[in-house]
Amino acid sequence: MWSWRLPALLRAPRWLLGSTSRPPWPPGCGPGRAQHGAPGTLPCAWQLHRDHLELKYANTLMRLDFVWLRDHCRSASCYNSKTNQRSLDTASVDLGIKPQAVRVDETTLFLTWPDGHVTRYGLEWLVKNSYEGQKQQVMHPRILWNADIYQKAQIPSVDCRSFLETNEGLKEFLQNFLLYGIAFVENVNPTKEDTEVLAERISLIRETIYGRMWYFTSDFSRGDTAYTKLALDRHTDTTYFQEPCGIQVFHCLKHEGTGGRTLLVDGFYAAEQVLQQAPDQFELLSKVPLKHEYVENMGGCHNHMIGVGPVLNVYPWNNELYLIRYNNYDRAVINTVPHDVVRRWYTAHRTLTTELRRPENELWVKLKPGKALFIDNWRVLHGREAFTGYRQLCGCYLTRDDVLNTARLLGLQA
């Protein structure tokens, strides 16, 4: 049995006991008492403090502020369950609010507020939605990979017809994409129009300075190394956007020549190695803001884009990595970092780069007409080897929110 043994100053203050000699909660449910549900239910115990309720349930110790508990009330007057939107005006809640009565049964927390309003919370809901519960949860389940791990997994491509016409095919594709950050669709007609239809199956297409659907060859029509026959080192795209594009679609329509294989590297796998070997360097890469820049003055294209952010972006409550912004071509002058941090940042950057460039982390894929590749541009770096001859690609960027929305509607965690 778990129960509280707290100093007297931390126990429920006298104002919570009301003005009468009888406490405002049923016998056995007062502060500091362990709560026992029916046989087979999880034990629950709680303790009142001056400004919050401390509750232990399902092996999770939660500290729930009284204002938070009032603000998140799911009663009909506070929350519209039809629209899933809050009706309560948060700014109207007294910041010093305290419940007049608290009760817990085997599944539910009940709070009675000074105006008589009653708030009910399922204990499972609290575990899922509390700060402490979120710290234990993964927002986006993933399988980190190097080349050997990915190849041994033998992830199948999804047939274009199944992808376009069935929810099963679409769900299989999205599950592969969410877990590995890359996914393939086979038997696509090698045209820009068919590639566009493919992309629109899962998302809105994000129009950028490169247009809606881009279509290029090595004619240097834009001021970017991608429009050449040169090799491209591993990188993520649009690091110079304030919000880098979420998903990139590639479809090779024609290649009459040699070389040109596509390089794929799981940036999160490499970052995880840094976290294990040098956590202080991982932290530095997640906190130091850098500028990335794209300057173009060719023909009718005049652009000057600047994006700011750290190389590694993590959710602060659970340190889960959600975005890597890595592009040595487009990184601007480092003028956002003080002198005493610069050298340490370069050391950390070198550690990450070493991991990203390990041969065992490189997955090489030969893109051919009919095989479309979707890349999570927030996770997987791509590059290419130099090539000869005529090579024609098309593709686009997708809005990340819409891809994740499609996945959630199909019942996937995204």
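In this text, all values refer to a predicted model and were calculated from it rather than measured experimentally. (Residues numbered from 1 in each chain as written. Predicted model: local features only at pLDDT ≥ 70, side-chain atom pairs only at ≥ 80, totals over all residues. Heavy atoms only, no water.)

Asker: Explain the pattern of salt bridges to me, and be specific about the residues and the numbers.
Answerer: Opposite charge on two side chains permits them to pair, given that their charged atoms come into close proximity. In total, this model carries 16 salt bridges according to the counting rule given. With its nearest N and O atoms 3.8 Å apart, the salt bridge here joins Lys371 to Glu186. Remark: Glu186 occurs in strand E11 (residues 182-186) and Lys371 occurs in the loop between strand E21 (363-365) and strand E22 (372-376); sequence separation between them is 185 residues. In this structure Glu186 comes out as partly exposed when scored by relative accessible area, which is 27%. Note that Asp233 is salt-bridged to Arg357, the shortest N-O span being 2.9 Å. With a gap of 124 residues between them, Asp233 in strand E14 (residues 232-235) and Arg357 in the loop between helix H10 (339-356) and E21 connect regions that are remote in the sequence. Taking the relative accessible area as the measure of exposure, Asp233 reaches 22% and is therefore partly exposed. Since its relative accessible area comes to 43%, Arg357 is described here as partly exposed. Each of Asp233, Arg234, Arg357 and Glu362 takes part in a single network of salt bridges with overlapping partners. (Salt bridge = Lys/Arg side-chain N within 4 Å of Asp/Glu carboxyl O. Helix = DSSP H or I, 4+ residues; strand = E, 2+ residues; numbered from the N terminus. Buried < 20%, exposed > 50% of the residue type's maximum accessible area, 1.4 Å probe, protein only.)

Asker: Outline the nonpolar core, supporting the account with residue identities and numerical values.
Answerer: The biggest cluster of nonpolar side chains holds 28 residues, and the ones touching the most others in it are Phe163, Phe173, Leu174, Ile202, Phe374 and Leu398. Take this core: its biggest share by element is five residues, from helix H6 (residues 167-180). If sequence neighbours within four positions are ignored, Phe163 has contacts with Val158, Gly169, Leu170, Phe173, Val185, Leu198, Arg201, Ile202 and Phe374. With 25 residues, the next largest nonpolar core counts Tyr57, Leu109, Tyr121 and Leu123 among its residues. (Core = buried A, V, L, I, M, F, W, Y, C linked by side-chain atoms within 4.5 Å. Contact = heavy atoms within 4.5 Å.)

Asker: Tell me what's going on with the side chain of His349, and back it up with residues and numbers.
Answerer: By secondary structure assignment, the location of His349 is in helix H10. On the basis of relative accessibility, which here comes to 11%, the residue His349 falls in the buried class. Apart from residues no more than four positions distant in its own chain, His349 is found in contact with Leu285, Tyr326, Asn328 and Arg331.

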